[in-house]
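# Architecture at a glance
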Amino acid sequence: MKVRKIADLLSHGSENGVTLRHLEKVIGAPGREIRREIERERRSGELIVNDNRHGYYLADSPAEAQRFARSMRGRALEIMRTAEAVERAAGGGE
């Protein structure tokens, strides 16, 4: 990836969000690679958030970042519930 950090390309606030498609064009890398880099940056402390309406942006406040984290936890819980249901239906799982 040519860009040092995705966070350097983002601005604060949802009104300044950018889509994955835009990042693909600017960076010249596929979306999967960009998403992996965003995850690495998040895990190193960058407050990169996203939503379906605005795209990716930097959180305006710790509270906004915490709301995003709660949303991610909720999505993860739903994915786990679905995976468990599929496993049960397939006759396996715990």
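The numbers attached to residues start from 1 for each chain and follow its sequence in the written order. The model is predicted, so local features are restricted to residues of pLDDT at least 70 and side-chain atom pairs to those at 80 or more, both for listing and for counting; the totals for chains, interfaces and linings are taken over all residues. Think of the side-chain values as coming from all heavy atoms in the structure, minus any hydrogens and water.

What follows is about the pairing of strand S2 (residues 55-58). Each pair of strands is called paired provided DSSP finds at least two bridges between the two strands. Starting at the N terminus, helices and strands are each numbered in turn, a helix being any DSSP run of H or I of at least four residues and a strand any DSSP run of E of at least two. Pairing analysis gives four bridges linking strand S1 (residues 48-51) to S2, with the strands arranged antiparallel. When the sheet's bridge partners are listed, Asn50 is paired in S2 with Tyr56. The hairpin turn running from S1 into S2, its antiparallel successor, is three residues long.

The method works on a 1 Å grid over the protein atoms by themselves. A cavity is a set of points holding a 1.4 Å probe that cannot get out, a pocket is an open set with protein on both sides within 12 Å along at least five of seven lines, and residues with an atom within 4 Å of a point line them. Grid points are joined across faces, edges and corners, and a volume is the space filled by probe spheres set on the points. Space inside the largest pocket adds up to approximately 470 Å³. Within the residue set of the lining of the largest pocket, elements represented by two or more residues are helix H2 (31-43), S1, S2 and helix H3 (62-89). The element best represented in the lining of the largest pocket is H3, accounting for six residues. Throughout this entry, Asp, Glu, Lys and Arg are counted as charged residues, while Ala, Val, Leu, Ile, Met, Phe, Trp, Tyr, Cys and Pro are counted as nonpolar. The remaining residues, Gly among them, count as polar. Here the residues of the lining of the largest pocket are counted per class, giving seven nonpolar, six polar and eight charged.

Turning next to helix H1 (residues 20-27). Taken together, the buried positions of H1 are occupied by Leu20, Leu23 and Ile27. Buried residues in H1, looked at end-on, bunch into an arc of 55°, giving them a common side. Relative to its buried face, H1 has exposed residues pointing more than 90 degrees away, namely Arg21 and Lys25. Any two residues having at least one pair of non-hydrogen atoms within 4.5 Å are treated as being in contact. Where H1 is buried, its residues contact H2 and S2. A positive backbone phi angle near 80° is found at Gly28, which sits one or two residues after H1. Type-normalised accessible area, obtained with a 1.4 Å probe on protein chains alone, sets the label of each residue: buried when under 20%, exposed when over 50%, and partly exposed for intermediate values. Think of it as the arc spanned by the lines of direction from the helix axis to the C-beta atoms.

Nonpolar core, defined: a set of buried Ala, Val, Leu, Ile, Met, Phe, Trp, Tyr and Cys residues in which side-chain atoms within 4.5 Å join the residues together. In terms of nonpolar packing, the biggest core is built from 13 residues, with Ile6, Leu10, Leu23, Ile34, Ile38, Ile48 and Tyr56 touching the most fellow members. Elements with a contribution of two residues or more to this core: H1, H2 and S2. With three residues, the single largest contributor to this core is H1. The contact partners of Tyr56, leaving out residues within four places of it in the chain, are Leu10, Asn16, Gly17, Val18, Leu20, Leu23, Arg35, Ile38, Arg42, Ile48, Val49 and Asn50. The next biggest cluster of nonpolar side chains, apart from the first, holds five residues, and it includes Tyr57, Ala59, Ala65 and Phe68.

With 28 residues, H3 ought to run about 40 Å at 1.5 Å a step, and its terminal C-alpha atoms sit 41 Å apart, in line with that. Glu64, Ala65 and Phe68 are the residues of H3 that are buried. Considering only its buried residues, H3 is in contact with H2, S1 and S2. Just downstream of H3 lies Gly91, where phi reads positive at about 85°. What a helix should span is 1.5 Å times the count of its residues minus one.

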